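Each chain, letter by letter, is given below.
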Amino acid sequence: MKVGVLALQGAVAEHIRSLEAAGAEAVAIKRVEQLDDVHGLIIPGGESTTIGKLMRKYGFMEAIAEFSDKGKPLFGTCAGLIVLADRIEGDEEAHLRLMDMTVARNAFGRQRESFETDLTVKGIDEPIRAVFIRAPLIKSVGDGVDVLSEYNGEIVTARQGSLLAASYHPELTDDYRLHAYFLEMVKEAAAASV
Ligand SMILES: NC(=O)CC[C@H](N)C(=O)O
């Protein structure tokens, strides 16, 4: 399976390394044409405002919406989760609006700007290691969204069909199981589309 990592801004190389460790072929995506060659796409962490701006500039808004329409899976981590969301708390304009959820940016406040923890994720046997950096939270989800993990009662991992979102950075640890989970989604979607 070939999986792309949107390479406009943010933690791209780390996702590529984690995907490869999980057994995928990984490609940095810089132009929309490259989307035709991959079976799934990760939108990395970084700064959602910057990623959103560059996506609009280079035609990725329409291209990724189409990609997702074909049933190809998307995985947004941290800023990437914000980019997937239908709604952003406050008066900020949402980006792809693909996932039925409301997110809050920088939701942990100053004291806890970044931290690591072990998280229990539905569908993965043992807790995974998660790094939170100025992380967003999922404040509410629609009926079609499955909550996969919570931290202190707040939603931090969710799935809606072929869309996966995590508030944290799974690519900054040597724990590749969330990437392996996404890779399974990609394989299932590819098998279903033949
Ligand atoms: N590590 C991250 O991706 C941080 C996300 C960033 N705070 C944002 O709002 O876009």
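Residues numbered from 1 in each chain as written. Predicted model: local features only at pLDDT ≥ 70, side-chain atom pairs only at ≥ 80, totals over all residues. Heavy atoms only, no water.

Some remarks on the overall build of the protein
Then, number 1: When helices and strands are counted, the protein shows 5 helices and 12 strands.
Then, number 2: Scaling as 2.2 N^0.38, a compact globule of 194 residues should have a C-alpha radius of gyration of about 16 Å, and the protein matches this with 15 Å.
Then, number 3: Taken along its principal axes, the extent of the C-alpha atoms in the protein is 45 × 40 × 30 Å.
Then, number 4: For the protein, the proportion of contacts with a sequence separation of at least 24, taken over those separated by at least 6, is 64%.
Then, number 5: As presented, the protein carries roughly 8,800 Å² of accessible surface, and 45% of it is formed by carbon and sulfur atoms. (Helix = DSSP H or I, 4+ residues; strand = E, 2+ residues; numbered from the N terminus. Rg over C-alpha atoms; globule rule 2.2 N^0.38 Å. Contact = heavy atoms within 4.5 Å. Areas by Shrake-Rupley, 256 points an atom, 1.4 Å probe, with all protein chains shown as cover.)

Structural notes on the UniProt feature "active site" (unreviewed entry) in the protein
Then, number 1: Residues annotated by UniProt as "active site" (unreviewed entry) correspond here to Cys78, His169 and Glu171. A stretch of 94 residues holds the annotated residues, and the largest C-alpha distance among them is 10.8 Å, short enough that they meet in one place.
Then, number 2: The contacts of His169, once residues within four sequence positions are left out, are Gly45, Cys78, Val131 and Ile133.
Then, number 3: Along the chain, Glu171 falls in the loop between β12 (163-166) and α5 (177-192).
Then, number 4: Exposure remark for Glu171: the relative accessible area of 0% places this residue in the buried category.
Then, number 5: In contact with Glu171, other than residues within four places in its own chain, are Ala11, Glu14, His15, Arg17, Ser18, Thr77 and His179. (UniProt positions renumbered as here; feature names shortened; annotations may be inferred. Buried < 20%, exposed > 50% of the residue type's maximum accessible area, 1.4 Å probe, protein only.)

Topic: the UniProt feature "binding site: L-glutamine" (unreviewed entry) in the protein
Then, number 1: The positions that UniProt labels "binding site: L-glutamine" (unreviewed entry) are, in the present scheme, Gly46, Glu47, Ser48, Arg105, Ile133 and Arg134. A compact arrangement is adopted by the annotated residues: their sequence extent is 89 residues, whereas the largest C-alpha distance between any two is 12.9 Å.
Then, number 2: Its location among the elements puts Glu47 in the loop between β3 (40-43) and α2 (48-57).
Then, number 3: Among residues more than four places away in sequence, those in contact with Glu47 are Gln9, Ala79, Arg105 and Arg134.

Topic: the environment of Asp91
Then, number 1: Along the chain, the position of Asp91 falls in the loop between β5 (85-88) and β6 (99-104).
Then, number 2: As a C-alpha pair, Asp91 and Arg105 span 14 residues in sequence and 12 Å in three-dimensional space.

Things to note about the packing of aromatic side chains
For any pair of aromatic rings, the description consists of the separation of the ring centres together with the inter-plane angle of the planes.
Then, number 1: Considering all chains together, one arrives at 8 aromatic pairs under this definition.
Then, number 2: Ring centres of Phe75 and Phe182 lie 5.3 Å apart, and the angle between their planes is 40 degrees; this geometry places the pair in the tilted category. With Phe75 in strand β4 (residues 74-77) and Phe182 in helix α5, the pair connects residues that are 107 residues apart, well separated along the chain. The residues Phe75 and Phe182 share a single accessibility class, namely buried.
Then, number 3: Each member of the aromatic cluster is reached from another via a ring pair, and the members are Phe108, Phe115, Phe132, Tyr151 and Tyr168. (Phe/Tyr/Trp six-rings, centres within 6.5 Å; stacked < 30°, edge-to-face > 60°.)

Quick word on the pattern of salt bridges
Then, number 1: Considering all chains together, one arrives at 15 salt bridges under this definition.
Then, number 2: Connected through shared salt-bridge partners, Glu47, Glu92, Arg105 and Arg134 make up one network. (Salt bridge = Lys/Arg side-chain N within 4 Å of Asp/Glu carboxyl O.)

Brief notes about the site of the ligand
Then, number 1: Close contacts around the ligand come from Gly45, Gly46, Glu47, Ser48, Cys78, Ala79, Ile82, Arg105, Asn106, Ile133, Arg134 and His169, and that covers them all.
Then, number 2: Between the ligand and the protein, one listed contact pairs an oxygen atom with a backbone N or O atom of Ser48 at 2.7 Å.
Then, number 3: Between Ala79 and the ligand, the recorded distance is 3.1 Å, taken from a backbone N or O atom to an oxygen atom.
Then, number 4: Protein coverage of the free-state accessible area of the ligand, which is 300 Å², stands at 96%. (Near = heavy atom within 4 Å. Polar contact = N/O pair within 3.5 Å; in protein donor to acceptor, adjacent residues only side chain to side chain.)

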